Amino acid sequence: MRKANSINIHDKIFTPYISREEISRTVSSIAAKINSDYFGREPLFLIVLKGAVFFAADLLREIALDCEMRMIEAKSYGMGMVSNGDVKITGLEENLGGKDIIVIEDIVDTGHTLEALTKKLLLQNPKSLECACFLSKTSQREAAINVKYIGLETEPAFVIGYGLDYAEKGRHLPEIYIHRQEA
Ligand code: IMP
């Protein structure tokens, strides 16, 4: 049976999971921590496209620091639901040496994307490097990475909305939806 308000994307059914209210509370709590941790500093936020676009837009509008932002793109999932482990990063041409960098990501799953990205960034000798991820599937982690700011823990199932896509669909949805395997 289908639950009320479920939506179909391609071949899968997704049901409501995280509401606008919870998203907004979570963003405010991450922003408050960053505002306090970086007081008196001028961080550079590195927004990982495309998935982090809405999270970054909400988060940065609650940042009360002198800061800068840049966009980069990381691709690992192709058109499916399983990370192919082959991470392609574009847009990192500019030197970020000496900066306090905060990477803004939508979700960390196996951790391979963030691991590849942080390795590249560390080669540029930033002053500091931290990550802010809206969601984390910590039980799925394969790479040893440290994420300082995590919004919410999520179960190991595929989610869409608030920037997250399934084969490029569903990013625009204001709430987050989940696909659980049918019993
Ligand atoms: P990781 O490399 O396995 O940590 O995967 C990170 C990237 O995979 C994220 O930036 C997302 O683009 C994508 N991803 C991981 N889990 C999901 C999901 O549940 N929905 C949509 N995209 C996801």
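Nothing here was measured: the structure is a model prediction, and the numbers come from that model.

Q: Would you take a moment to explain the pairing of strand S10 (residues 176-179) for this structure?
A: Each regular strand displays side chains that alternate between the two surfaces of the sheet. Side chains of S10 alternate between two faces, with Ile176 and Ile178 and Tyr177 and His179 buried alike. The sheet contact formed by strand S2 (residues 12-18) and S10 spans three bridges and is antiparallel. Paired with Ile18 across the strands is Ile176, a residue of S10. Two strands pair when backbone bridges link them, and strand S9 (residues 158-160) and S10 are joined in this way by three bridges, in the antiparallel orientation. What sits directly across from Ile160, in S10, is Tyr177.

Q: Help me understand the site of the ligand, please; the structure alone is not making it clear to me.
A: Around the ligand, the structure places 18 residues, and the nearest of them are Asp109, Thr110, Gly111, Thr113 and Val159. Taking His112, its main chain carries an N or O atom lying 3.5 Å from an oxygen atom of the ligand. Side-chain polar atom of Lys137 to an oxygen atom of the ligand: 2.8 Å apart, as the coordinates give it. Taken by itself the ligand offers 490 Å² of open surface, and the protein chains cover 93% of this. When residues of the shell around the ligand are traced back to their parent elements, those giving at least two are strand S6 (100-108), helix H3 (112-122) and S9. With four residues, S6 is the single largest residue contributor to the shell around the ligand. By residue class, the composition of the shell around the ligand is seven nonpolar, six polar and five charged.

Q: Even after reading the chapter, I still don't get the packing of helix H1 (residues 20-37) against helix H2 (residues 53-60), so can you show me in this structure?
A: Two numbers describe a pair of packed helices, the interaxial angle and the distance between the axes. At a minimum axis separation of 9 Å, H1 and H2 run at an interaxial angle of 55°. Classified by the interaxial angle, the pair formed by H1 and H2 is oblique. Crossing geometry of H1 relative to H2 is assigned as right-handed. Counted together, Arg20, Val27, Ile30, Ala31 and Ile34 of H1 and Phe55, Asp58 and Leu59 of H2 form the full contact between these two elements. Of the residues that constitute the contact of H1 with H2, the class distribution is six nonpolar, no polar and two charged.

Q: Honestly, the pattern of salt bridges in this entry has me stumped. Any pointers?
A: Pairing between side chains of opposite charge can happen when their charged atoms approach one another. Per the stated rule, a full pass over the model turns up 12 salt bridges. With a shortest N-O distance of 2.9 Å, Asp11 and Lys12 are connected by a salt bridge. You can call Asp11 exposed: its relative accessible area is 56%. As a salt-bridge pair, Lys99 and Glu68 come within 3.6 Å of each other at their nearest N and O atoms. Of this pair, Lys99 sits in the loop between strand S5 (88-90) and S6 while Glu68 sits in strand S4 (residues 68-75); the two residues are 31 residues apart in sequence, bridging distant segments of the chain. On the basis of relative accessibility, which here comes to 26%, the residue Lys99 falls in the partly exposed class. For Glu68, a relative accessible area of 35% corresponds to the partly exposed category.

What counts and what doesn't
- Residues numbered from 1 in each chain as written.
- Predicted model: local features only at pLDDT ≥ 70, side-chain atom pairs only at ≥ 80, totals over all residues.
- Heavy atoms only, no water.
- Buried < 20%, exposed > 50% of the residue type's maximum accessible area, 1.4 Å probe, protein only.
- Helix = DSSP H or I, 4+ residues; strand = E, 2+ residues; numbered from the N terminus.
- Pairing = 2+ DSSP bridges.
- Near = heavy atom within 4 Å.
- Polar contact = N/O pair within 3.5 Å; in protein donor to acceptor, adjacent residues only side chain to side chain.
- Areas by Shrake-Rupley, 256 points an atom, 1.4 Å probe, with all protein chains shown as cover.
- Nonpolar A, V, L, I, M, F, W, Y, C, P; charged D, E, K, R; others polar.
- Axes fitted to C-alpha atoms, helices over the stretch in contact; angles between N-to-C directions.
- Parallel < 35°, antiparallel > 145°, perpendicular 65-115°, else oblique.
- Left-handed = near helix turned anticlockwise from the far one by under 90°.
- Contact = heavy atoms within 4.5 Å.
- Salt bridge = Lys/Arg side-chain N within 4 Å of Asp/Glu carboxyl O.

Read these as spatial facts, not as claims about activity.
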